[in-house]
Each structure stands twice: as structure tokens, then as C-alpha cells.
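# Residue-level structural notes
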Amino acid sequence: MEYKIKPPGRLTCLECGNEITYGRMDKKFCCDSCKNKYHNKQQKDARNIHRKVMRGLEKNYEILNRLHRTNITSIGIGDLLSMGFRPEYSTSYRKVNSHDEFRCFEFKYYISQTRLFNLQKVFTAI
Ligand SMILES: [Zn+2]
């Protein structure tokens, strides 16, 4: 990111970077069109992040479900990653004794440096 040092009293539009020559001192945009463009972009970014996280959670859920169905409760992180699992996406996290316990909807599991283990399906609230 690039920061420009602005002389005091001069404001620039957050969208186009043009100097704002009139209006209130806290104005952020040079015109309504720039304001709309900026907000639309921010909304689009938020939607893209939402979509990406949901896709990650769904993929993890699918993998955990497949493991659970084949009675696998422990798997090496390398194998898990190669299946497309993304450990950074979970629906909850807590520390249980010395373990890092994660949830992906009704699946509960521990993750260590090397393994996902103690995979269980639970039916209590998240
Ligand atoms: Zn502008």
C-alpha cells in the first residue's frame, strides 16, 4: 500500500484520488458517482470473501463426512491438505486441555502440528 503525504486542508477522493475542492472537511469523495463506485466495490469484496469462506467450509465438511463414513478418526495433515482440506476454515474453535478443538458444523476434531485426530460427529449446538 502506498501512502501519500497530504498537505493539511487538502482532501482527496477515496475512489479516484482527485482533490476534493469543495464541501465539508470530512468529505471522502469528489462526487456521488465516486461514492457509489467505492461502496459497490466494498460490497463486492465482502460478498467474495463470504463466498470463499462458505466454499471452504463446505469442502471441509465434505472431506470430514467422507472420513467419518469410512470410520477414519485420525489422518496426517499432509494427506488432509492433499484432499483439499483448509484448516483455517472452521465454525468454532476452543482450547480443550492442551488440545486445539475445532468444529465444522456437527464434526468435532483436534488438530496438532501433524495430524487431525479424534474426529467425531456430535449433535449438540455449536
Ligand atoms: Zn472521485
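My aim in this report is to walk through the structure given alongside it, one point at a time. (Residues numbered from 1 in each chain as written. Predicted model: local features only at pLDDT ≥ 70, side-chain atom pairs only at ≥ 80, totals over all residues.)

Within the largest apolar cluster, seven residues are counted, these being Leu-64, Leu-67, Phe-102, Cys-104, Phe-107, Tyr-109 and Leu-116. Of all elements in the fold, only helix H1 (32-69), strand S5 (99-104) and strand S6 (107-111) reach the threshold of two or more residues within this core. For Cys-104, the residues in contact, after removing those within four places along its chain, are Leu-57, Asn-60, Tyr-61, Leu-64, Ser-90 and Thr-91. (Core = buried A, V, L, I, M, F, W, Y, C linked by C-beta atoms within 7 Å. Buried ≥ 20, exposed ≤ 12 C-beta atoms within 10 Å, placed from the backbone. Helix = DSSP H or I, 4+ residues; strand = E, 2+ residues; numbered from the N terminus. Contact = placed C-beta atoms within 7 Å.)

Structural remark: α-helix, 3.6 residues per turn; residues separated by three or four positions point the same way. The end-to-end C-alpha separation of H1 is 55 Å, in line with the 56 Å expected for 38 residues at 1.5 Å each. A small share of H1 lies buried, amounting to three of its 38 residues. Among the residues of H1, those classed as buried are Asn-60, Leu-64 and Leu-67. Where H1 terminates, the next one or two residues include Asn-71, which has phi positive at roughly 60°. (Expected span 1.5 Å × (residues − 1).)

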